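Structure assessment
One letter stands for each residue in the lines below.
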Amino acid sequence: MGMTTPRAGYGPSVNKFSEMVADDLRGRVARGDIRPGDHLPPETELMDIYGVARPTMREALRILESESLIILRRGSHLGPLVQEPDTRVLARQAGLRLQMQGTPVRDLAEARVVMDSGIVALAAKRRTAADLREMRACLVAAGSARNVVDFSRRAADFRVLVVRTSRNRTLILMTELVSSLLHHQYDAVLRNISDHDGRRFIEQSLARYIRLTDLIEDCDVVGAVEFWETQGAIDDEFGMISLGSAPMMIYS
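Residues numbered from 1 in each chain as written. Predicted model: local features only at pLDDT ≥ 70, side-chain atom pairs only at ≥ 80, totals over all residues. Heavy atoms only, no water.

Concerning the overall build of the protein chain
When helices and strands are tallied, the protein chain shows eleven helices and two strands. Going residue by residue from the N terminus, the α and β elements of the protein chain occur as α-α-α-β-β-α-α-α-α-α-α-α-α. Burial statistics for the protein chain: of 252 residues in total, 44% are counted as buried. For the protein chain, contacts bridging at least 24 residues in sequence account for 74% of all contacts bridging at least 6. Carbon and sulfur atoms make up 52% of the accessible area of the protein chain, which amounts to about 13,600 Å² in all. (Helix = DSSP H or I, 4+ residues; strand = E, 2+ residues; numbered from the N terminus. Buried < 20%, exposed > 50% of the residue type's maximum accessible area, 1.4 Å probe, protein only. Contact = heavy atoms within 4.5 Å. Areas by Shrake-Rupley, 256 points an atom, 1.4 Å probe, with all protein chains shown as cover.)

As for the nonpolar core
Judged by nonpolar contacts, the single largest core of 42 residues is most densely connected at Phe 151, Phe 158 and Leu 212. Counting residues per element, the ones that place at least two in this core are α5 (105-126), α6 (129-143), α7 (148-165), α8 (169-191), α9 (195-217) and α10 (221-231). In this structure, Leu 212 is in contact with Val 120, Phe 158, Ala 224, Phe 227 and Trp 228, ignoring residues within four places of it in sequence. (Core = buried A, V, L, I, M, F, W, Y, C linked by side-chain atoms within 4.5 Å.)

Some points on the pattern of salt bridges
If you walk through the whole model with that rule in mind, you get 15 salt bridges. A salt bridge links Arg 146 to Asp 150, with the shortest nitrogen-to-oxygen separation between them at 3.8 Å. Judged by relative accessible area, Arg 146 falls into the exposed class, the value being 66%. Through salt bridges with shared partners, a single ionic network connects Asp 23, Arg 26 and Glu 67. (Salt bridge = Lys/Arg side-chain N within 4 Å of Asp/Glu carboxyl O.)

Observations regarding the environment of Pro 85
With respect to the helices and strands, Pro 85 occurs in the loop between β2 (81-82) and α4 (87-100). With 20 residues separating them in the primary sequence, Pro 85 and Glu 65 have C-alpha atoms 9.9 Å apart. Filtering out sequence-adjacent residues up to four positions away, Pro 85 remains in contact with Ser 68 and Leu 69.

Focus on a negative patch on the surface
Where like charges cluster on the molecular surface, the negative patch consists of Asp 218, Asp 220, Glu 226 and Glu 229. Structurally, Glu 226 is set in helix α10. (Patch = residues over 30% accessible without salt bridge, like charges linked within 9 Å, V, L, I, M, F, W, Y side chains within 5 Å. Lys, Arg positive; Asp, Glu negative; His and termini not counted. Charge placed at Lys NZ, Arg CZ, Asp CG, Glu CD.)

A few points about empty space enclosed by the protein
Applying the stated rule across the entire model yields three cavities of 30 Å³ or more. Its volume calculated, the largest cavity comes out at about 90 Å³. In this structure, the largest cavity is lined by Arg 112, Asp 116, Ile 119, Val 120, Phe 158, Arg 159, Val 162, Val 163, Thr 175, Ser 179, Leu 212 and Trp 228. When residues of the lining of the largest cavity are traced back to their parent elements, those giving at least two are α5, α7 and α8. Looking at the lining of the largest cavity residue by residue, the classes come out as seven nonpolar, two polar and three charged. (1 Å grid on protein atoms, 1.4 Å probe; cavity = no way out; pocket = protein on both sides within 12 Å on 5 of 7 lines; lining within 4 Å. Points joined across faces, edges and corners; volume = space filled by probe spheres on them. Nonpolar A, V, L, I, M, F, W, Y, C, P; charged D, E, K, R; others polar.)

Details of the confidence of the model for the protein chain
In this model, the protein chain carries a mean pLDDT of 85, and residues with pLDDT of at least 70 account for 85%. Looking at the elements of the protein chain, mean pLDDT is at its lowest for helix α11 (residues 237-243), recorded as 47, and at its highest for α6, recorded as 96. Note that pLDDT drops below 50 for residues 7-12; the model gives that stretch seven contacts with residues more than four away or on any other chain. Confidence drops under a pLDDT of 50 for residues 237-243, and excluding neighbours within four residues, the segment shows 18 contacts in the predicted structure. (pLDDT = per-residue confidence, 0-100.)

Brief notes about the packing of aromatic side chains
Aromatic rings in a pair are described by how distant their centres are and how their planes are angled relative to each other. Per the stated rule, a full pass over the model turns up five aromatic pairs. With 6.5 Å between their ring centres and 25° between their planes, Phe 151 and Tyr 209 make a pair best called stacked. In this pair, Phe 151 sits in helix α7 while Tyr 209 sits in helix α9, placing the two residues 58 residues apart along the sequence. Residue Phe 151 shares its accessibility class with Tyr 209, and that shared class is buried. Ring plane angle 45° and centroid distance 4.8 Å describe the contact between Phe 158 and Tyr 209, whose orientation is recorded as tilted. Of this pair, Phe 158 sits in helix α7 while Tyr 209 sits in helix α9; the two residues are 51 residues apart in sequence, bridging distant segments of the chain. The same class applies to Phe 158 and to Tyr 209, which are both buried. (Phe/Tyr/Trp six-rings, centres within 6.5 Å; stacked < 30°, edge-to-face > 60°.)

Structure, rendered in structure tokens:
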């Protein structure tokens, strides 16, 4: 496979060798030399390629497994299966760091508002007929939500569609991380609001999403941005009131 070979008899510890092996394999995936759906060579072959002992090789593979970059299948004659990194793993890591820093929920909500303006502008420029069909179908499903918690999950799906319409991969990843963390914070709040307030929240949010979709369909970049800057953050109303100054709690 033409991989870098650590020299097992020199210098670094076993842990350092395992990190070097993991880093080389990670780099090959990042460059596209190895793609999701491919299998790495079996463990014994990898040991020969890298010139390391079994404990070092297994530790390297465990590192990649913990990052959700590979799936280890015990007893299989095939090597580890490479997969797309799981955004939820990245979100947990980011959430842990933010929680340890005492980051308030309001900080996350502000970050999303800042990103949303650019996302909406790009979506209005780049949307296709297929994008619009998906957004409209998502809003129909959101309108039939059983309760506010169900609606909030469908609303999250709508936001994902809007950000994907931007065609900006960096914004897509950043938004997915922030949205995942906010969803964790708001879910408990939404479960405790009254049916009346929940229904009002659904109706008002749905109306805003429909208006935003209309502006995106019209390719009205200025109008979409202005509308969302003044109306979009209202969707965080219940969460911001209850959790705005509270620290994030991913682990409690």
